[in-house]
Amino acid sequence: MFDKILIANRGEIALRVVRACREMGIRSVAVHSTADADAMHVRMADEAVCIGPPPSSQSYLSFPAILSACEITGAQAIHPGYGFLSENAAFVQAVEDHGIVFIGPRAEHIRIMGDKITAKETARTLGIPVVPGSDGGVPTLAEARRIAGEIGYPVIIKATAGGGGRGMKVAHSPDEIETAFGTARSEAKAAFGNDEVYIEKYLQKPRHIEIQVFGDGKGGAVHLGERDCSLQRRHQKVLEEAPGPVIRPEERERIGRICAEAVAKINYAGAGTIEFLYEDGAFYFIEMNTRLQVEHPVTEAVFGVDLVREQIRVAAGLPLSFRQEDLRLNGHAIEVRINAEKLPGFSPSPGRITQYHAPGGLGVRMDSALYDGYRIPPYYDSLIAKLIVHGRDRDEALARLGRALSELIVDGVDTTVPLFHALLREPAIREGRYDIHWLERWLRENM
Ligand code: ADP
């Protein structure tokens, strides 16, 4: 096992990794920008190294800064968290070239899944159901028309290099294909410097269901069921739950087995998430994330496992500490993402926390790097806390979420907490009846 791990991240996820390290008896090294000198992850880690000025490009995204911090401290492995360098194949290569272990999948798997067309082709080859659409890039309008006619309208045109929901356009009928194709291409060119696009059938009321997988890197893999992440604003997840309110045990078994077998076949190592749109009982692959997800704690809650500990073990060459048959789904968990944002516009609200009190009690987990007097810097993501509740069933989890939210105090900045109080009053949320468009519609009508 490693003696020392460097955490190439900040905020709650850096703290999450520090906690796993401490329980495993591994020393942790925090890295931070000058703006994060007084951050909680810096205080809690065993050592800390300042790696540059506030802009991420010169600190949390800087290969040389992070690799030097490893050399200076003698860290043998790097945990990338999520975001930043977690899905950067070139970084993984650089880390390995320096004789350091990257806690995550191999560069090759990150690269394959980072390109949407290759990812979809690979998924199809591995037996994962995909959304009907073009085989690869669509170069001309004539080709786009022909394919759209074949799969049937509505269709969605998506950038090969896409991410964050950009470069996507829907055409509801043949009249709209020319504009949609042109706009998607020019947006893709502007955002990603690559105007290649592909076409898919547009699903009209799907849910976002993702399967957590875990590979041992040696041909073994398990799945840990699904998370329903349909409540999204601008393609950003807002609330996640496990299990999915509409997924039947047989469906979970079936799609879970397909996903676990697929990643086992490619000797995938570590945590991964296979994302699907789910409509009328069918799963359609959209992408795979080759890292730990923000919403991983809901899976940890219902399966009683520590996914970060498992990532570290696999990176150290140890076997998985559970087999598929050891994994039993227990109860229901819900996570809400608390952002420092001002409603109703969701504009960033950085600043000083004048008072902070975290909720507690049975079935409550608060993953946050906040403390009294902390100043949230304006340079990074606005996620300041994840509140995760676990109950014996969904109703108990909902009641617990309401109770925990009422205990939480975050003064000094605006947060998205009022949104969750309001959502908990909605019958559609209480009954689990929502699709990927529900929240946007609700926000338009209620905020
Ligand atoms: P990105 O990488 O930009 O987030 P994704 O392929 O993951 O792109 O898609 C993001 C979101 O766009 C999905 O969660 C879904 O809301 C919507 N979307 C993508 N493909 C389709 C489709 N074929 N039909 C309907 N909605 C889609």
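- An unreviewed UniProt entry annotates the protein as Biotin carboxylase of Rubellimicrobium thermophilum DSM 16684.
- Listed in UniProt under the heading Subunit (unreviewed entry), the comment for the protein reads: "Acetyl-CoA carboxylase is a heterohexamer of biotin carboxyl carrier protein, biotin carboxylase and the two subunits of carboxyl transferase in a 2:2 complex."

### Focus on the sheet that holds strand 4 (residues 77–79)
Across a sheet, paired strands are connected by hydrogen bonds in the backbone, their directions being either parallel or antiparallel.
Link 1 in the chain: With parallel pairing, the 5 strands of this open sheet are ordered in space as 3-2-1-4-5. Among the strands making up the open sheet, the edge pair consists of strand 3 (47–52) and strand 5 (101–102).
Link 2 in the chain: Two elements, strand 2 (residues 27–33) and strand 3, share 5 bridges in a ladder whose sense is parallel. Bridge pairing in strand 3 places Ser33 opposite Gly52.
Link 3 in the chain: The strands that helix 3 (residues 63–73) touches are strand 1 (4–7), strand 2, strand 3 and strand 4; relative to strand 3, the one it contacts most, it runs at about 150°.

### Examining the packing of aromatic side chains
Link 1 in the chain: On inspection of all chains with the given rule, the structure shows 10 aromatic pairs.
Link 2 in the chain: Considering the side-chain rings of Tyr278 and Phe283, the 4.8 Å spacing of their centres and the 55° angle between planes classify their relative orientation as tilted.
Link 3 in the chain: Note on Tyr278: relative accessible area 9%, which makes it buried.
Link 4 in the chain: Aromatic pair Tyr379 and Tyr380: ring centres 5.9 Å apart, planes at 65°, arrangement edge-to-face.
Link 5 in the chain: A network of ring pairs unites the aromatic residues Tyr60, Phe84, Tyr379 and Tyr380 as a single cluster.
Link 6 in the chain: For the cation-ring pair, Arg43 lies above Tyr371, with the distance from its terminal atom to the ring centre recorded as 4.1 Å.
Link 7 in the chain: Here the guanidinium or amino end of Arg207 rests over the ring plane of Tyr434, the centre of that ring lying 4.5 Å away.

### Let's talk about unusual backbone geometry
Link 1 in the chain: The step from Ala242 to Pro243 runs through a cis peptide bond, and the omega angle for that step is -5°.
Link 2 in the chain: Residue position: Pro243 is located in the loop between strand 11 (236–242) and helix 9 (249–265).
Link 3 in the chain: A cis amide bond links Leu343 to the next residue, Pro344, at an omega of 5°.
Link 4 in the chain: Tracing the backbone through its elements, the reader meets Pro344 in the loop between strand 15 (341–342) and strand 16 (347–348).
Link 5 in the chain: A positive phi angle, close to 55°, is found at Asn267, a residue other than glycine.
Link 6 in the chain: Topologically, Asn267 is positioned in the loop between helix 9 and strand 12 (269–279).

### Re the UniProt feature "domain: ATP-grasp" (unreviewed entry) in the protein
Link 1 in the chain: Following the UniProt record, the feature "domain: ATP-grasp" (unreviewed entry) maps to residues 120–316 here.
Link 2 in the chain: With 36% helix and 32% strand, the stretch residues 120–316 has end C-alpha atoms that lie 30 Å from each other.

### Looking at the pattern of salt bridges
Link 1 in the chain: Tallied over the entire structure, the rule returns 41 salt bridges.
Link 2 in the chain: Here Asp135 makes a salt bridge to Arg124, at a shortest N to O gap of 4.0 Å. Remark: Arg124 occurs in helix 6 (residues 116–125) and Asp135 occurs in the loop between helix 6 and helix 7 (141–151); sequence separation between them is 11 residues.
Link 3 in the chain: For Asp135, a relative accessible area of 67% gives the class exposed.

### Quick word on the sheet that holds strand 12
Link 1 in the chain: Here 8 strands make up an open sheet; going across it, the order is 13-12-9-10-11-14-21-19 and the pairing antiparallel. Strands with a single pairing partner mark the edges of an open sheet, and in this sheet they are strand 13 (282–289) and strand 19 (364–368). Within the sheet, the average angular offset between the axes of one strand and its neighbour, ignoring direction, is 25°.
Link 2 in the chain: As judged from the 4 bridges shared by strand 11 and strand 14 (residues 332–339), these two strands associate in the antiparallel manner.

### Let's talk about the packing of helix 3 against helix 4 (residues 89–97)
Link 1 in the chain: Packing of helix 3 against helix 4 leaves a shortest axis separation of 11 Å and a crossing angle of 30°. Here helix 3 is positioned roughly parallel relative to helix 4, judged by the angle of their axes. Considering the relative orientation of helix 3 and helix 4, their crossing is right-handed. For the pair helix 3 and helix 4, the contacting residues are Phe63, Ile66 and Leu67 in the first and Ala90, Phe91, Ala94 and Val95 in the second.
Link 2 in the chain: Across the contact of helix 3 with helix 4, the residue classes tally to 7 nonpolar, no polar and no charged.

### Looking at the site of the ligand
Link 1 in the chain: Neighbouring the ligand are 19 residues; Lys116, Lys158, Gly165, Lys201 and Leu203 lie closest to it.
Link 2 in the chain: Contacts to the ligand include Lys116, whose side-chain N or O atom sits 2.9 Å from an oxygen atom.
Link 3 in the chain: Taking Glu200, its side chain carries an N or O atom lying 3.0 Å from a nitrogen atom of the ligand.
Link 4 in the chain: When the ligand is considered free in solution it has 560 Å² of accessible area, and contact with the protein chains removes 93% of it.
Link 5 in the chain: If you list the elements that add at least two residues to the shell around the ligand, you get strand 6 (155–159), strand 8 (197–201) and strand 13.
Link 6 in the chain: Looking at the shell around the ligand residue by residue, the class counts come to 8 nonpolar, 6 polar and 5 charged.

### Some remarks on the environment of His332
Link 1 in the chain: Relative to the helices and strands, His332 resides in strand 14.
Link 2 in the chain: Taking the C-alpha atoms as reference points, His332 and Asp395, separated by 63 residues in sequence, lie 8.7 Å from one another.
Link 3 in the chain: Those residues in contact with His332 that sit more than four places away from it in its chain are Glu241, Ala242, Pro243, Val302, Val389, His390, Gly391, Arg392, Asp393, Arg394 and Ala397.
Link 4 in the chain: At a separation of 2.7 Å, a polar atom in the side chain of His332 contacts the side chain of Glu241.

### Looking at helix 7
Link 1 in the chain: Turning to helix 7, its buried residues number three or more, namely Ala144, Ile147 and Ala148. End-on view of helix 7: buried residues confined to an arc of 100°, all on one side of the axis. Away from the buried face of helix 7 by more than 90 degrees, exposed residues Ala142, Gly149 and Glu150 are located.
Link 2 in the chain: Close packing links the buried residues of helix 7 with strand 6, helix 8 (174–192) and strand 8.
Link 3 in the chain: With its phi angle positive at about 95°, Gly152 sits one or two positions after the end of helix 7.

Scoring rules and cut-offs
Residue positions are counted from 1 within each chain, in the order its sequence is given. For this predicted model, a pLDDT threshold of at least 70 governs which residues receive local features, and a threshold of 80 or more governs which side-chain atom pairs are given and counted, while totals over whole chains, interfaces and linings are taken from all residues. Computation of side-chain values covers all heavy atoms of the structure but excludes hydrogens and water. UniProt positions are given in the numbering used here, feature names are shortened, and annotations may be inferred rather than shown by experiment. A pair of strands counts as paired when DSSP detects no fewer than two bridges linking them. Comment: elements are numbered from the N terminus, with helices defined as DSSP H or I runs of at least four residues and strands as E runs of at least two. Should any heavy atoms of two residues lie within 4.5 Å, those residues are counted as being in contact. Only the stretch in contact is used when a helix axis is fitted, and all axes are lines through C-alpha atoms; the angle between N-to-C directions ranges over 0 to 180 degrees. Here the aromatic set is Phe, Tyr and Trp, taking the six-membered ring for Trp, and pairing holds for ring centres within 6.5 Å; pairs whose planes are under 30 degrees apart are stacked, those over 60 apart are edge-to-face, and all others are tilted. Only protein chains enter the accessibility calculation, which uses a 1.4 Å probe; a residue is then buried when its area is under 20% of its type maximum, exposed when over 50%, and partly exposed in between. Throughout this description, the term charge over a ring refers to an Arg CZ or Lys NZ atom that lies within 6 Å of the ring centre and within 35 degrees of the ring normal. When a carboxyl oxygen of Asp or Glu is within 4 Å of a side-chain nitrogen of Lys or Arg, the pair counts as a salt bridge. Every angle not falling under 35 degrees, over 145, or within 65 to 115 is termed oblique; those three ranges are roughly parallel, roughly antiparallel and roughly perpendicular. Whether a crossing is left-handed or right-handed is set by the direction in which the near helix is turned from the far one by less than a right angle, anticlockwise for left-handed and clockwise for right-handed. Amino acids are sorted into nonpolar (Ala, Val, Leu, Ile, Met, Phe, Trp, Tyr, Cys and Pro), charged (Asp, Glu, Lys and Arg) and polar (every other residue, Gly among them). For this purpose, a residue is taken to be near a molecule or strand whenever a single non-hydrogen atom of the residue falls within 4 Å of it. Polar contact is the term for a pair of N or O atoms within 3.5 Å; when the atoms are in protein, one must be able to donate a hydrogen and the other to accept it, and sequence-neighboring residues count only if both atoms are side-chain atoms. Where accessible areas are quoted, they stem from the Shrake-Rupley method and a 1.4 Å probe; at the residue level, only the protein chains shown are allowed to cover. Working note: the arc is built from the helix axis to C-beta atom directions.

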